[in-house]
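# Topology and contacts: notes
Chain by chain, the residues:
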Amino acid sequence: MAYDIDPDQSVSIVAIFLFIDAAFIGFPLLSHMIGGAADFPVVPLLLLAGLIAAGVGLLQGRQWGWYLAMVVVGLSAVLDLLGLIIDALIIFLLTRPATRAKFGVR
């Protein structure tokens with residue numbers, strides 16, 4: 001079964017998702033920066049700028065927008081996967097019999 005998806009519609013949907021992803025990164029980043037934190041979060045700021053630029057590039061039909069979208073989405077996926085691995089390790093360690101026994105959990 002073949003899917004005939006309009007490329008213009010696909011690009012618009014992808015751009016919307018990139019902007020939504022940028023909002024999920026941008027609002028906490030803005031809150032962090034307004035809060036007067038001493039450290040400057042470079043990676044989230046670059047990821048935010050890349051997501052916005054990729055969305056704009058895709059909507060304008062620019063070739064670099066496609067490449068940039070692939071890079072920033074790939075980077076975002078790797079960072080999310082790293083967080084997922086860390087969370088899985090925490091769950092694994094907390095559910096070991098010796099650790100559960102230490103806290104009196106059956």
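Reference entry: report on the structure contained in this document. (Residues numbered from 1 in each chain as written. Predicted model: local features only at pLDDT ≥ 70, side-chain atom pairs only at ≥ 80, totals over all residues. Heavy atoms only, no water.)

### Side note on the overall build of the chain
Counting secondary structure elements, the chain contains four helices and zero strands. Each helix and strand of the chain, ordered N terminal to C terminal, gives the series α-α-α-α. Expressed as a percentage of the 106 residues in the chain, the buried residues total 18%. Once local pairs closer than 6 in sequence are excluded, the contacts in the chain between residues at least 24 apart make up 49%. In the structure as shown, the chain presents an accessible area of about 8100 Å², 73% of it carried by carbon and sulfur atoms. Within the chain, the 7 negative side-chain charges are centred at a point lying 27 Å from the centre of the 5 positive side-chain charges. (Helix = DSSP H or I, 4+ residues; strand = E, 2+ residues; numbered from the N terminus. Buried < 20%, exposed > 50% of the residue type's maximum accessible area, 1.4 Å probe, protein only. Contact = heavy atoms within 4.5 Å. Areas by Shrake-Rupley, 256 points an atom, 1.4 Å probe, with all protein chains shown as cover. Lys, Arg positive; Asp, Glu negative; His and termini not counted. Charge placed at Lys NZ, Arg CZ, Asp CG, Glu CD.)

### Considering the side chain of Ser76
Here Ser76 is to be found in helix α3 (residues 63-94). In this structure Ser76 comes out as buried when scored by relative accessible area, which is 9%. Setting aside residues up to four positions removed in sequence, Ser76 forms contacts with Asp21 and Leu47.

### Considering the environment of Ser10
Relative to the assigned elements, Ser10 resides in helix α1 (residues 7-34). Judged by its relative accessible area of 28%, Ser10 falls in the partly exposed class. For the pair Ser10 and Val78, spaced 68 residues apart in sequence, the C-alpha separation works out to 23 Å.

### Observations concerning the environment of Leu29
Here Leu29 lies in helix α1. Along the backbone, Leu29 and Pro97 are 68 residues apart, and their C-alpha atoms lie at a distance of 39 Å. Setting aside chain neighbours within four positions, we find Leu29 in contact with Pro41, Pro44, Leu45 and Leu48.

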